[in-house]
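# Fold and contact review
The primary structure of each chain is shown beneath.
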Amino acid sequence: MKLMAWLRSFASPLFRRSPIEGEMEEELRAHIQHRADDLERSGLPRKEAERQARIEFGGYQKFKEECREALGTRLSQTFVQDVRYGLRMLRKSPGFTSVAVLTLALGIGANTAIFSVVYGVLLRSLPYKDPARLVVLQETTPMVGTVSVSYPNFLDWRAQSHTFSQLSVVQDVAFNLAGVSQPESISGHAVSPNFLSMMGVRPFLGRDFDSSEEKPGTPPVVLLSYRLWQSHLGGDRNAIGRTITLDDRSFTIVGVLPPDYRSVEKLDVMLPIGVWLTNNSAAHERGSRGDLLVIGRMSPDAGWQQARAEIEGIAARLAQEYPLSNNQFGVSLKPLRDAFVGDMRPAILVLFGAVMFVLLIASANVANLFLVRSAARTREIAVRIALGASRGRVIRQILTESFVLACLGGILGIGLAVGGIEGISRLISMDMLSGATVDMNGAVLLFAAVVVVLSAFIFGLAPAMQLTKGDPQAELKDGGKTVSAGASQSRLRDALAIAEISLALILLAGAGLMIKSLYRLLSVDPGFQTEQVLTMRMDLRTAQYAKDIQVLNFWQQALERVRTLPGVEDVAVGTVVPLTDDHSRTDITIENMTLPEPGNFPHPDVHMVSPGYVNTLGITLLRGRTFTDADNENAPLAGMINGMLAKRYFGNEDPIGKRFMMGHPGKDNKWITIVGMVGDTKLYGLANPARLEIYLPLRQFPQSEMELLTKSANDPATLTSAIRNVIASIDKNQPITDIATMKQLVRDSVSIRQITLILLGLFSGLALLLAAIGIYGVLSYAVALRTHEIGIRLALGAQRADVLRMVVGQGIRLALVGVALGLAVALALTRLMNTLLFGVGANDPLTFVSVAIVLTIVALTACYIPARRAMRVDPIIALRYE
């Protein structure tokens with residue numbers, strides 16, 4: 001009720017009519033009633049008479065319109081008047097204005113910059129039709145988690161599902177592009193012909209795929225990405241119908257994708273699934289699971305739980321019908337946006353919360369400045385109220401000043417945000433953002449405008465209420481402000497300083513946890529060497545490598561020639577490099593082991609490697625030996641296993657000499673003898689546990705797609721050009737991709753945590769600085785108000801050390817209260833960071849104690865400067881102080 005009464009008093013001056021307006025309205029109403037009486041006497045019904053009278057006296061409606069126009073004019077004139085007055089007042093205090101504007105600019109700029117990421121990644125609509133109903137489906141297994149989808153299972157899902165109006169398969173593909181100046185590897189998707197129509201996307205040029213192009217044996221056709229069309233075909237609209245050579249095979253260009261088409265992975269080309277199936281006969285086997293996932297569109301009348309229940313039911317029936325390939329396989333569903341966002345969501349939300357705290361701290365700081373400045377305006381406000389101005393009118397004037405100040409801070413803040421967005425774009429790679437655009441757009445500007453208005457109310461309302469709450473008569477008496485008003489303002493200033501300290505501690509606690517987490521993560525033993533190793537990927541796709549002997553000859557030549565380069569210590573090739581996504585797994589059968597149920601077979605990662613792979617990567621040899629040149633196609637099949645597999649399936653027995661086979665019994669599989677046991681490696685990231693691994697010799701299991709690993713005595717990146725020349729001397733048309741050092745791969749694997757730490761640390765430092773300024777400001781003003789009191793104390797014999805203790809004690813009390821409140825809130829909020837932490841609890845005691853000590857020391861330092869000023873007060877001068 002009090003709030004409603006205050007709002008009415010606040011707004012009433014804008015809507016109150018003048019006496020003249022009231023008289024005009026009463027006179028018009030009287031004329032209308034008089035005319036209605038005449039018309040009624042002439043025989044018209046009363047309602048009809050009144051309607052006719054209003055028509056004749058249309059001036060009443062015109063009057064109401066004039067009143068509305070006058071009200072709008074009054075509002076506009078009042079607002080302009082308040083703005084002009086606010087600008088004059090701010091001009092009179094350039095120091096206050098500069099500090100307040102800069103403080104607000106930092107808070108508004110940081111919020112705007114981070115919101116551009118929030119909007120671009122989490123809020124901006126995906127460029128598809130009704131994207132909220134698009135779902136990504138994958139299969140799951142208890143032993144591995146999420147896995148790719150079996151193509152026959154996809155066909156059964158599509159045939160039996162009713163909650164999905166459409167389902168489409170998406171298979172990652174890659175090609176070597178020939179006929180260009182530099183050999184190039186391009187990537188894309190093989191999709192069901194209905195994929196683009198399901199997504200609501202139409203080709204920018206040309207046609208979509210036809211339903212007949214789903215079957216194996218379909219003619220090779222391709223859609224190009226807009227980027228590839230521009231870069232390699234010059235944006236030629238006559239390119240439709242021409243051919244492009246991919247892996248020594250001619251593909252007919254039938255269309256070009258739109259320029260704004262987004263894909264989770266980099267996409268250069270798109271082809272119908274029938275083209276991919278033509279050369280992948282194994283895909284028709286139900287147990288074959290490559291890099292395939294399914295995207296579906298839920299029917300308009302289907303809900304999320306209904307769709308999940310139906311597809312899980314279909315998966316359960318398939319597991320019963322095909323136990324050998326589908327036992328214990330389930331289905332995972334997630335919104336399409338989650339596939340784009342990936343692991344970025346928790347980090348983005350944590351950073352957004354952090355900058356909101358920075359804005360609150362900045363607003364509290366400016367509110368304190370307003371309170372200090374208001375002390376000089378107390379008499380002015382009292383005079384205005386005594387002369388008839390209502391409290392609401394004065395509050396509106398002060399809020400207008402705060403709004404003007406916030407607008408100035410917002411303009412500068414947007415300028416800072418533009419630079420911040422550019423910095424963030426450099427810090428966060430496009431691969432991490434999955435093609436999301438982070439820029440200054442209309443939505444971000446609207447957010448900045450909302451932040452400006454909210455901050456104006458946050459830092460302006462409390463001082464305005466405080467400034468107008470005193471008794472005008474008492475304020476106009478000799479002596480100025482009343483004691484009660486001064487005490488009330490002091491309590492408010494103290495409360496704002498405590499709030500700043502509490503918010504700063506929360507940010508510091510988050511940053512402290514991230515520092516400790518990242519330190520623990522980087523201290524993890526990855527199981528391989530991270531220094532002085534260069535990696536690069538090659539895929540021998542062309543017809544000249546159709547036979548295994550041709551593939552092996554290429555790799556053998558590459559190894560021999562690279563090994564002779566200056567600075568090269570060791571070189572090897574393998575199908576895998578840790579911390580990348582290129583992994584393959586398979587079931588294995590261990591000799592003399594009780595055969596498990598389908599779906600429970602050991603399912604390790606499989607690596608085909610050359611001799612020297614273990615040494616090049618610095619993987620520890622635990623038992624036995626590594627591969628040698630003797631492990632060739634004529635020798636008995638050999639293999640190595642990692643320690644985790646040995647411990648799980650061989651216990652304390654020595655695994656050397658034991659045997660296993662790829663796949664399940666009953667097939668034409670041969671036994672592989674274990675010749676070595678190596679240490680576990682962090683294949684899937686430093687924060688993820690090691691997995692089962694087996695290693696097979698390249699000469700016995702030839703592979704066309706491999707990673708070349710080169711160990712160098714110096715900076716390995718300097719070898720890139722020389723290795724390119726070596727590969728070109730073997731095959732000038734062979735592209736090289738994914739060039740990186742192992743150190744860079746480690747850095748990329750923790751990049752989300754690292755970026756979060758950098759930004760959170762920056763915001764925490766800013767919050768710490770603002771909190772220190774807040775304490776300093778409160779104590780400085782308190783010292784200024786108590787100068788007379790301090791002079792009396794000193795004149796009566798108080799020691800300067802006593803004055804020091806008094807001032808510092810006041811500041812430390814504020815700091816300790818703020819620290820205590822901050823710790824209580826931080827203990828609850830830091831749990832939201834659990835997914836970003838590694839090796840440290842969200843409520844780690846050492847971190848919380850450390851940040852509390854740091855913040856207390858900073859607060860003590862901020863207290864010391866006003867305390868020194870108080871110690872130097874001259875009693876004689878202070879006794880004359882007014």
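What counts and what doesn't
Residues numbered from 1 in each chain as written. Predicted model: local features only at pLDDT ≥ 70, side-chain atom pairs only at ≥ 80, totals over all residues. Heavy atoms only, no water. Helix = DSSP H or I, 4+ residues; strand = E, 2+ residues; numbered from the N terminus. Buried < 20%, exposed > 50% of the residue type's maximum accessible area, 1.4 Å probe, protein only. Polar contact = N/O pair within 3.5 Å; in protein donor to acceptor, adjacent residues only side chain to side chain. Contact = heavy atoms within 4.5 Å. pLDDT = per-residue confidence, 0-100. Patch = residues over 30% accessible without salt bridge, like charges linked within 9 Å, V, L, I, M, F, W, Y side chains within 5 Å. Areas by Shrake-Rupley, 256 points an atom, 1.4 Å probe, with all protein chains shown as cover. Salt bridge = Lys/Arg side-chain N within 4 Å of Asp/Glu carboxyl O. Lys, Arg positive; Asp, Glu negative; His and termini not counted. Charge placed at Lys NZ, Arg CZ, Asp CG, Glu CD. Expected span 1.5 Å × (residues − 1). Core = buried A, V, L, I, M, F, W, Y, C linked by side-chain atoms within 4.5 Å. Phe/Tyr/Trp six-rings, centres within 6.5 Å; stacked < 30°, edge-to-face > 60°. Lys NZ or Arg CZ within 6 Å of the ring centre and 35° of its normal. Pairing = 2+ DSSP bridges. Axes fitted to C-alpha atoms, helices over the stretch in contact; angles between N-to-C directions. Parallel < 35°, antiparallel > 145°, perpendicular 65-115°, else oblique. Left-handed = near helix turned anticlockwise from the far one by under 90°. Nonpolar A, V, L, I, M, F, W, Y, C, P; charged D, E, K, R; others polar.

## Considering unusual backbone geometry
Positioned with a positive phi, N592 is a non-glycine residue whose angle comes to about 65 degrees. Structurally, the position occupied by N592 is in the loop between strand 14 (588-590) and strand 15 (605-609). The backbone phi angle of D738 is positive, close to 50 degrees, even though this residue is not glycine. On the secondary structure map, D738 appears in strand 22 (residues 737-741).

## Quick look at the side chain of T681
With respect to the helices, strands and loops of the structure, T681 is situated in the loop between strand 19 (672-678) and strand 20 (693-697). Owing to a relative accessible area of 2%, T681 belongs among the buried residues under this scheme. Looking at T681, its side chain comes within polar contact range of the side chain of E693, at 3.0 Å. The contacts of T681, once residues within four sequence positions are left out, are P526, G527, F528, I619, A690, E693 and Y695.

## Points about the confidence of the model for the protein
Residue-level pLDDT values for the protein average 84, and 86% of them are 70 or greater. Note on residues 6-21: pLDDT under 50 across the span, and 23 contacts to partners over four residues away in sequence or across chains.

## Considering a negative patch on the surface
The grouping of D172, E265, D291, D431 and D581 at the surface amounts to a negative patch. One can find D291 in the loop between helix 9 (273-278) and strand 10 (292-298). Assessed through its relative accessible area of 47%, D291 is described here as partly exposed.

## Overview of helix 10 (residues 304-321)
Look at helix 10: 26 Å from first C-alpha to last across 18 residues, which is about the 26 Å you get at 1.5 Å a residue. Within helix 10, burial applies to A307, E310, I311, I314, A315, L318 and A319. Contact partners of the buried residues in helix 10: strand 1 (134-141), helix 6 (151-160), strand 3 (164-177), strand 10, helix 11 (323-326) and strand 11 (330-335).

## Describing the nonpolar core
Formed by 132 residues in total, the largest nonpolar core has its most connected members in I114, L405, Y613 and F763. If one sorts the elements of this core by residue count, helix 13 (residues 344-374) sits on top with 18 residues. Once you skip the residues sitting within four places of it in the chain, F763 turns out to touch A110, I114, L351, A354, V355, V358 and L507. Counting 43 residues, the second-largest nonpolar core is a separate cluster that includes W157, F164, I273 and V331.

## Considering the pattern of salt bridges
Tallied over the entire structure, the rule returns 18 salt bridges. With a closest N to O distance of 2.6 Å, D539 and R541 form a salt bridge. For D539, a relative accessible area of 9% puts it in the buried group. We note a salt bridge from D654 to R623, for which the minimum N-O separation is 3.3 Å. In this pair, D654 is assigned in the loop between helix 22 (643-650) and strand 18 (659-662) and R623 in strand 16 (residues 621-624), connecting sequence segments 31 residues apart. Through salt bridges that share partners, R227, K266 and D268 make up one connected network.

## A short note on the environment of K682
With respect to the secondary-structure elements, K682 resides in the loop between strand 19 and strand 20. Each C-alpha atom, one on K682 and one on F528, is 8.2 Å from the other, the two residues being 154 residues apart in sequence. Leave out the neighbours within four places in its chain, and K682 touches V524, D525, P526, F528, P578, L579, N688, P689 and A690. Among the polar contacts listed, one links the side chain of K682 to the backbone oxygen of N688, at a separation of 3.1 Å.

## Brief notes about a nonpolar patch on the surface
On the surface, L360, L446, V450, L454 and I458 cluster together into a nonpolar patch covering about 440 Å² of accessible area. With four residues, the top contributor of residues to the nonpolar patch is helix 17 (residues 442-467). For L454, the position within the fold is in helix 17.

## What about the packing of aromatic side chains?
Under the counting rule described, the total for this entry stands at 14 aromatic pairs. Each ring, one from Y545 and one from F554, has its centre 5.6 Å from the other, and the planes form 75 degrees; the classification is edge-to-face. Judged by relative accessible area, F554 falls into the buried class, the value being 2%. Here the aromatic residues F115, Y119, F352 and F447 are joined through ring pairs into a cluster of three or more. Stacked on the ring of Y322, the Lys or Arg R286 has its end atom at 3.7 Å from the ring centre. Sitting over the face of the ring of Y684, R691 holds its NZ or CZ atom 4.1 Å from the ring centroid.

## Description of the pairing of strand 8 (residues 249-256)
For strand 5 (residues 205-206) and strand 8, the ladder comprises two bridges, and the chain directions are antiparallel. Pairing of L205 across the sheet is with V256, part of strand 8. The pairing of strand 6 (residues 221-224) with strand 8 spans four bridges and is parallel. Across the sheet, residue V221 finds its bridge partner in strand 8, namely T252. By the bridge criterion, four bridges tie strand 7 (residues 243-246) to strand 8 in an arrangement that is antiparallel. Within the sheet, the bridge partner assigned to L246 lies in strand 8 and is R249.

## Overview of the environment of A859
Mapped onto the fold, A859 is located in helix 28 (residues 845-871). Each C-alpha atom, one on A859 and one on G774, is 9.4 Å from the other, the two residues being 85 residues apart in sequence. Excluding residues within four positions of it along the chain, A859 makes contact with I775 and A815.

## Some details on the side chain of S299
In this structure, S299 sits in the loop between strand 10 and helix 10. Not counting chain neighbours up to four residues away, the residues in contact with S299 comprise R133, H162, T163, F164 and S165.

## Describing the pairing of strand 9 (residues 269-272)
A two-sided burial pattern is seen for strand 9, the buried positions comprising V269 and L271 on one face and M270 and P272 on the other. Of the pairings in the sheet, the one linking strand 4 (residues 184-191) to strand 9 comprises four bridges and is parallel in character. When the sheet's bridge partners are listed, H189 is paired in strand 9 with M270. As defined by bridge partners, strand 6 adjoins strand 9 across two bridges and the pair is classed as antiparallel. Note on strand 9: the bridge partner recorded for L224 is V269.

## Side note on the packing of helix 20 (residues 548-563) against helix 23 (residues 720-730)
Here helix 20 crosses helix 23 at 140 degrees, and the two axes come no closer than 10 Å. Classified by the angle their axes make, helix 20 and helix 23 are oblique. Note on packing geometry: the crossing formed by helix 20 with helix 23 is right-handed. Between helix 20 and helix 23, the contacting residues are F554, Q557, A558, R561 and V562 on the first element and I723, V726, I727, S729 and I730 on the second. Split by residue class, the contact of helix 20 with helix 23 holds seven nonpolar, two polar and one charged.

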